[in-house]
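Summary of structural features
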Amino acid sequence: KTRASMRANNSNRVGLSFEAVKLVPIEVLGVDISQSNLPIPPLSFNLPKINLEDLPGVDPATAPGYFDVKYLDDDVLIIQQNAPGG
């Protein structure tokens, strides 16, 4: 499970900043945790907040982690991801 928030850029560009991660054990050493009463708590932590403007040599406008929203017409939405974003 992750928690993310939107980065404000412009009206057609959406950027995501990942803030936290929570890992919930499902299986440990081949044992299904949901079927046992092993008290294994979830592991959660906050990710560090990095301001892209503060990083040397990084242009926030072209940095990975955003996608552009484009409209073909009133019914079709196209999302274009920043390379090499997958």
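Treat the numbers as computed from the prediction; the structure is a model and nothing was measured. (Residues numbered from 1 in each chain as written. Predicted model: local features only at pLDDT ≥ 70, side-chain atom pairs only at ≥ 80, totals over all residues. Heavy atoms only, no water.)

**Concerning the overall build of the chain**
A count of helical and extended segments in the chain gives 0 helices and 7 strands. Counted from the first residue to the last, the chain has its helices and strands arranged as β-β-β-β-β-β-β. Buried positions account for 14% of the 86 residues belonging to the chain. The long-range share in the chain, meaning contacts at least 24 apart out of those at least 6 apart in sequence, stands at 31%. A total accessible area of about 7000 Å² is found for the chain, and carbon and sulfur atoms account for 58% of it. (Helix = DSSP H or I, 4+ residues; strand = E, 2+ residues; numbered from the N terminus. Buried < 20%, exposed > 50% of the residue type's maximum accessible area, 1.4 Å probe, protein only. Contact = heavy atoms within 4.5 Å. Areas by Shrake-Rupley, 256 points an atom, 1.4 Å probe, with all protein chains shown as cover.)

**A word on a nonpolar patch on the surface**
Together, L23, L43 and F45 line one region of the surface with nonpolar side chains, adding up to about 280 Å² of accessible area. When you line up the elements, L43 lands in strand β5 (residues 43-46). (Patch = residues over 30% accessible without salt bridge, like charges linked within 9 Å, V, L, I, M, F, W, Y side chains within 5 Å. Salt bridge = Lys/Arg side-chain N within 4 Å of Asp/Glu carboxyl O.)

**Re the pairing of strand β7 (residues 77-81)**
Looking at chain direction, strand β6 (residues 66-71) and β7 are connected through 5 bridges and run antiparallel. Note that in β7 the partner of Y71 across the bridge is L77. Linking β6 to β7, which pair antiparallel, is a turn of 5 residues. (Pairing = 2+ DSSP bridges.)

**Some points on the confidence of the model for the chain**
Residues of the chain with pLDDT of at least 70 account for 78%, and the chain-wide mean is 75. Across the chain, β5 holds the top mean pLDDT of 90, while strand β1 (residues 2-10) sits lowest at 60. (pLDDT = per-residue confidence, 0-100.)

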